[in-house]
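So you can see what is in the structure, the chains are spelled out below.
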Amino acid sequence: MDLSYILNELGEDRAHYFNAIAPPIMQTSNFRFNKVDELRAAFADEMSTYLYSRGLNPTVDILRKKLAALDGAEDCLIFNNGAAAIFAAVLANVKAGDHIVSVSKPYTWVQRMFDVILPRFGVSTTYVDGRDANNYFNATKSNTTFYYLESPNSWDFALQDIATIAAYAKQHNIVTLIDNSYCTPLYQQPIAMGIDMAMQTATKYIGGHSDTLGGVLSGSKEMIKRIFDSEYLNIGSGIQPFNAWLLIRGLRTLPTRLERINRSTKEVLAFVKAHPAVKRVLYPFDESFPQHQLARQQMKEAPGLFSLYVQAESRQQIVTFCESLQHIQMAVSWGGHESLLLPKCAGMQDEEFDATNAEHQMMRMYVGLEDAAYIIADLDQAFAKAGLK
Ligand SMILES: Cc1ncc(COP(=O)(O)O)c(C=O)c1O
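Bear in mind the structure is a predicted one, so any value in this text is a computation, not a measurement.

Asker: Would you mind going over the packing of aromatic side chains in detail, with residue names and values included?
Answerer: Counted according to the given criterion, the structure contains 13 aromatic pairs. Among the aromatic residues, ring-to-ring pairing joins Phe-79, Phe-228 and Tyr-232 into one connected group. Directly above the ring of Phe-285 sits Arg-296, whose terminal nitrogen or CZ lies 4.1 Å from the centroid.

Asker: Give me the lowdown on the site of the ligand, citing residues and values where you can.
Answerer: Taken together, 13 residues form the shell around the ligand, and within it Gly-82, Asp-179, Thr-201, Thr-203 and Lys-204 come nearest. One of the side-chain N or O atoms of Lys-204 is found 2.7 Å from an oxygen atom in the ligand. Considering the ligand on its own, with 390 Å² of exposed area, one finds that the protein chains cover 90% of that surface. Classifying every residue of the shell around the ligand gives three nonpolar, seven polar and three charged.

Asker: Describe the domain arrangement of the protein, with residues and values.
Answerer: Once the domains are mapped, the protein shows domain 1 (3-252) and domain 2 (255-385). At the interface, 33 residues of domain 1 touch 34 residues of domain 2. It is Trp-155, Tyr-187 and Tyr-205 that lose the most area in domain 1 upon contact with domain 2, and together they represent 33% of the buried surface on that side. Our count for the contact surface shared by domain 1 and domain 2 stands at 16 residue pairs in polar contact (both at pLDDT 80 or more). Where the side of domain 1 that touches domain 2 is concerned, the elements lending two or more residues are helix H1 (3-8), helix H8 (184-187) and helix H10 (241-252). In terms of residue class, the side of domain 1 that touches domain 2 is made up of 16 nonpolar, twelve polar and five charged.

Asker: Give me the lowdown on unusual backbone geometry, citing residues and values where you can.
Answerer: Cis peptide bonds are those with omega within 30 degrees of zero, and the linkage from Ser-151 to Pro-152 qualifies with -5°. One non-glycine residue, Thr-184, adopts positive backbone phi at about 65°. Structurally, Thr-184 can be placed in helix H8. A positive phi angle, close to 70°, is found at Ser-333, a residue other than glycine.

Asker: Tell me about the pairing of strand S9 (residues 305-310), and name the residues and values.
Answerer: Of all six residues making up S9, six are buried, and the element is well covered by its neighbours. On S9, burial covers both faces: Leu-305, Ser-307 and Tyr-309 on one face and Phe-306, Leu-308 and Val-310 on the other are all buried. As paired strands, strand S8 (residues 278-282) and S9 are joined by four bridges and run antiparallel to one another. Bridging from a neighbouring strand, Val-278 pairs with Val-310 of S9. Here five bridges tie S9 to strand S12 (residues 362-366), and the two strands are oriented antiparallel to one another. Within the sheet, the bridge partner assigned to Ser-307 lies in S12 and is Arg-364.

Asker: Pulling in residues and values, what's your account of the environment of Ser-237?
Answerer: Locating Ser-237 in the fold gives a position in the loop between helix H9 (221-236) and H10. Given a relative accessible area of 11%, Ser-237 falls into the buried group. Along the primary structure Ser-237 and Gly-215 are separated by 22 residues, whereas in three dimensions their C-alpha atoms are 9.8 Å apart. Leave out the neighbours within four places in its chain, and Ser-237 touches Phe-79, Asn-80, Ala-84 and Tyr-232.

Asker: Account for the UniProt feature "modified residue: N6-(pyridoxal phosphate)lysine" (unreviewed entry) in the protein, with residues named and values stated.
Answerer: Mapped onto the present numbering, the UniProt feature "modified residue: N6-(pyridoxal phosphate)lysine" (unreviewed entry) falls at Lys-204. Assignment of secondary structure puts Lys-204 in the loop between strand S6 (197-201) and strand S7 (215-219). With residues near it in sequence (within four places) discarded, Lys-204 still touches Ser-333, Trp-334, Gly-335 and Gly-336.

Asker: Tell me about the packing of helix H13 (residues 315-324) against helix H14 (residues 372-385), and please be specific about residues and values.
Answerer: Between H13 and H14, the shortest axis-to-axis distance is 8 Å and the interhelical angle comes to 145°. Helix-helix and strand crossings are classified by hand; for H13 and H14 the assignment is right-handed. Across from Thr-320, Phe-321 and Ser-324 in H13, the residues of H14 making contact are Asp-378, Leu-379, Gln-381, Ala-382, Phe-383 and Lys-385. Its residues placed into classes, the contact of H13 with H14 shows four nonpolar, three polar and two charged.

Asker: Account for the sheet that holds strand S3 (residues 124-128), with residues named and values stated.
Answerer: Strand order in the open sheet formed by seven strands is S1-S7-S6-S5-S4-S2-S3, and the pairing between neighbours is mixed. Two strands lie at the open edges of the sheet, namely strand S1 (75-79) and S3, each paired on one side alone. Strand-to-strand twist of the sheet, defined as the mean angle between neighbouring strand axes without regard to direction, takes the value 20°. Where S6 lies against S7, four bridges are found, and the strand directions are antiparallel. Bridged to Met-199 within S7 is Leu-217.

Reading the values: the criteria
- Residues numbered from 1 in each chain as written.
- Predicted model: local features only at pLDDT ≥ 70, side-chain atom pairs only at ≥ 80, totals over all residues.
- Heavy atoms only, no water.
- Phe/Tyr/Trp six-rings, centres within 6.5 Å; stacked < 30°, edge-to-face > 60°.
- Lys NZ or Arg CZ within 6 Å of the ring centre and 35° of its normal.
- Near = heavy atom within 4 Å.
- Polar contact = N/O pair within 3.5 Å; in protein donor to acceptor, adjacent residues only side chain to side chain.
- Areas by Shrake-Rupley, 256 points an atom, 1.4 Å probe, with all protein chains shown as cover.
- Nonpolar A, V, L, I, M, F, W, Y, C, P; charged D, E, K, R; others polar.
- Domains from an automatic or database assignment.
- Contact = heavy atoms within 4.5 Å.
- Buried area = accessible area lost by both parts, 1.4 Å probe.
- Helix = DSSP H or I, 4+ residues; strand = E, 2+ residues; numbered from the N terminus.
- Buried < 20%, exposed > 50% of the residue type's maximum accessible area, 1.4 Å probe, protein only.
- Pairing = 2+ DSSP bridges.
- UniProt positions renumbered as here; feature names shortened; annotations may be inferred.
- Axes fitted to C-alpha atoms, helices over the stretch in contact; angles between N-to-C directions.
- Left-handed = near helix turned anticlockwise from the far one by under 90°.

Spelled out as structure tokens, the structure:
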């Protein structure tokens, strides 16, 4: 399907709302019925009509159609945030006694779910270094029913060979879910590579303005309906109409924003790589990246995020660097209009800092929509103030 059609037309029935270009925000919790039999049909299949906005809502549906098409999937559900999308997808596909194989270091709240919540219900998880697909296969037991992937990881950008893992999982009746947040479906198409469910946090690039959260879960019609009829309706973490409307608005400019971010990322990266205080960068499309070839093979682009290791002797030097930034903001998350920086050492005390441990000297940078030169000048003056040279 044509990308321009998806972003500008798909799902939008403008004749139904006065030919308005922008869709209405259908801010209603409830829908009325004229006929008892219509109500009966809605009870029998809540996915067939509008009954109550914990289920379907017309504004959310516009977004749903667009995002399923972007993923190349038969259908999708939009959640209030990405963590909820992952939670529902996993919960819907495991039962007591099951075993999950997950990529190591998945997103924080995924790891908490695997480590803290699922064991209470008799579901165990083995973490593997997903850079070698064999690690997934070797960790698979007779009760393994679920593979969790996140490619690339959003800190160290470790990749999994998506098609190889998906093919093995299919042969062994194992359900697969991938976190595709870094690439978005514009730059990586996991469903086409054989993955059962692709999720992304729409909070990042889809929203693009740091003003709403959202989560997308795409898959087959059968899988999505099963999740809708159970976990989606039961957990009640579907997105609200206004937030869905913000995401529709964000989507219109997604390719344009990503193109600019890609260009700026390369420029900022070139500056950072050439800076004497920077020991190393981690960026999937850089030749120095160990899985560079696989990245080029399964991703179309690598937008926005990269990590850098600086030659800092103390935690204070990194603190000074971060606190000297005048435009780049220190914050979690990414994908918005604003450039961000996140130092790994924020999670430790001064005395824990070890200048021989590269992890302690790591920072994650997100390149936003500002001019690349503006971002570079800010980094440059902060490096100087922190005595990083
Ligand atoms: C890689 C990744 N996956 C999932 C999530 C969860 O998304 P949300 O914050 O929308 O719940 C995040 C959030 O930061 C993330 O970085």
